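Residue-level structural notes
In case you want the letters, here they are:
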Amino acid sequence: MSALRIIHATGSAMGAPLAQRALDEYGDVLYSLYGSTEVAWVTIATPQDLRAAPGCAGRPPRATTVRLLDDDGRRVPEGQPGRIFVKNPMTFGGYTDGQTKQVVDGHMSTGDVGHFDAGGRLHVDGRDDDMIVSGGENVFPSEVEDLLARHGGVDDVAVIGVDDAEFGQRLKAFVVRTPSTDLDSGTLTGHVRSQLARHKVPREVVFVDVIPRNATGKVLKRELC
């Protein structure tokens, strides 16, 4: 491994625990690229970015600008989450059926929501349509998934929103336990409750043998229920 200079990660989002493990195992050689077919690249996280903020997506490369907008197309205040829009020379012209992504002032939507930290690094909070509204509060599954993934007894995890008569939606976590552990749901909900707001605590934890994923590693949440 002494000759290894770059690990280039892209495709599915990389959680903070995996980024930290990779850096610790292989050294400062990990680069994470956030982008999409429609807008090409958006940001690149260098090893230094990932050391400072393991879950970040990094910073826009040269000739790329990123704006965070609200539902009315206005830029959100610094530090606040917003819909991610991107402008660069490589955005696509449209789908073959004539449809396209929303464009505001030359910036094209990625369909994701994110925020910038104090160091200017972009963090992708989740897909716009993945947002869970529970009791009037907005929750993105990735924040809860990253926290659960840091627990020593969790091998893999996915969080979805399901209908709830009282709260509109509630969080439901699917967890793959590490081998030879007797981890229970109460331990996990307590783990989340100790670090996140109450509305981000899963109200249901289901233990499964495997989290369904596609060929690029993205969770097939439609197969979870």
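Above this text you will find the structure in question.
Structural notes, computed from the coordinates.

Re helix α3 (residues 141-149)
- Listing the buried residues of α3 in full gives P141, V144, E145, L147 and L148. In a view along the axis of α3, the buried residues occupy a sector of 165 degrees, so they form one face of it.
- Where the residues of α3 are buried, they touch β9 (132-134), β10 (137-139), β11 (154-164), β12 (168-177) and α4 (185-193).

Remarks on the nonpolar core
- Counting residues in each nonpolar core, the largest one holds 17 residues, and the members touching the most others are V144, L148, V159, V175, L188 and V192.
- Those residues in contact with V159, other than ones at most four positions away along the chain, are P141, V144, E145, L148, L171, K172, A173 and K221.

Some thoughts on the pattern of salt bridges
- Going through the model one piece at a time under the given rule, you end up with 15 salt bridges.
- Note that R59 and D49 form a salt bridge whose closest N and O atoms lie 3.2 Å from each other. Of this pair, R59 sits in the loop between α2 (47-52) and β4 (65-69) while D49 is found in helix α2, placing the two residues ten residues apart along the sequence.
- Residue D49 is classed as buried on the basis of its relative accessible area of 5%.
- Here K172 and E204 are joined by a salt bridge, their closest N and O atoms 3.8 Å apart. Here K172, found in strand β12, pairs with E204, found in strand β13 (residues 204-207); they are 32 residues apart in sequence, far enough to count as distant.
- Exposure remark for E204: the relative accessible area of 27% places this residue in the partly exposed category.

Describing the sheet that holds β11
- The sheet built from three strands is open, its strands ordered β11-β12-β13 with mixed pairing. In this open sheet, the two strands that pair with only one neighbour each are β11 and β13. Each strand of the sheet is rotated relative to its neighbour by a mean of 25 degrees, with strand direction disregarded.
- Pairing geometry for β11 and β12, over ten bridges, is antiparallel. The residue of β12 that forms the bridge with D156 is V176.
- In the packing of α3 onto the sheet, the strands contacted are β11 and β12, and the crossing angle to β11 comes to about 145 degrees.
- Lying over the sheet, α4 contacts β11, β12 and β13, oriented at roughly 130 degrees with respect to β13.

Examining the pairing of strand β2 (residues 30-36)
- Judged from the three bridges that link them, strand β1 (residues 7-9) and β2 form a sheet pairing that is parallel. The residue bridging I7 from the neighbouring strand is L30, located in β2.
- Strand direction decides the pairing type here: β2 and strand β3 (residues 40-45), joined by five bridges, are antiparallel. For S32, the partnering residue across the bridge sits in β3 and is A45.
- Where β2 hands over to β3, the hairpin turn is made up of three residues, counted between the paired strands.

Details of α4
- Along α4, the residues classified as buried are L188, T189, H191 and V192. Mapping the buried residues of α4 onto a view down its axis gives an arc of 155 degrees, with all of them on the same face.
- Looking at the buried side of α4, the elements it contacts are α3, β11, β12 and β13.
- Regarding α4, its N-cap is D184, as a side-chain oxygen of that residue lies 3.4 Å from the backbone nitrogen of G186 further along.

Observations concerning the packing of aromatic side chains
- Taken as a whole, this structure holds one aromatic pair when the rule is applied.
- Pairing F92 with Y95 gives two aromatic rings, centres 4.9 Å apart and planes at 70 degrees, and the pair type is edge-to-face.
- Residue classification places Y95 among the partly exposed residues on the basis of a relative accessible area of 34%.
- The lysine or arginine in question, R177, covers the ring of F207, its NZ or CZ lying 3.9 Å from the ring centre.
- Directly above the ring of F167 sits R203, whose terminal nitrogen or CZ lies 3.9 Å from the centroid.

Reading guide: rules and limits
- Residues numbered from 1 in each chain as written.
- Predicted model: local features only at pLDDT ≥ 70, side-chain atom pairs only at ≥ 80, totals over all residues.
- Heavy atoms only, no water.
- Buried < 20%, exposed > 50% of the residue type's maximum accessible area, 1.4 Å probe, protein only.
- Helix = DSSP H or I, 4+ residues; strand = E, 2+ residues; numbered from the N terminus.
- Arc of directions from axis to C-beta.
- Contact = heavy atoms within 4.5 Å.
- Core = buried A, V, L, I, M, F, W, Y, C linked by side-chain atoms within 4.5 Å.
- Salt bridge = Lys/Arg side-chain N within 4 Å of Asp/Glu carboxyl O.
- Pairing = 2+ DSSP bridges.
- Axes fitted to C-alpha atoms, helices over the stretch in contact; angles between N-to-C directions.
- Polar contact = N/O pair within 3.5 Å; in protein donor to acceptor, adjacent residues only side chain to side chain.
- Phe/Tyr/Trp six-rings, centres within 6.5 Å; stacked < 30°, edge-to-face > 60°.
- Lys NZ or Arg CZ within 6 Å of the ring centre and 35° of its normal.

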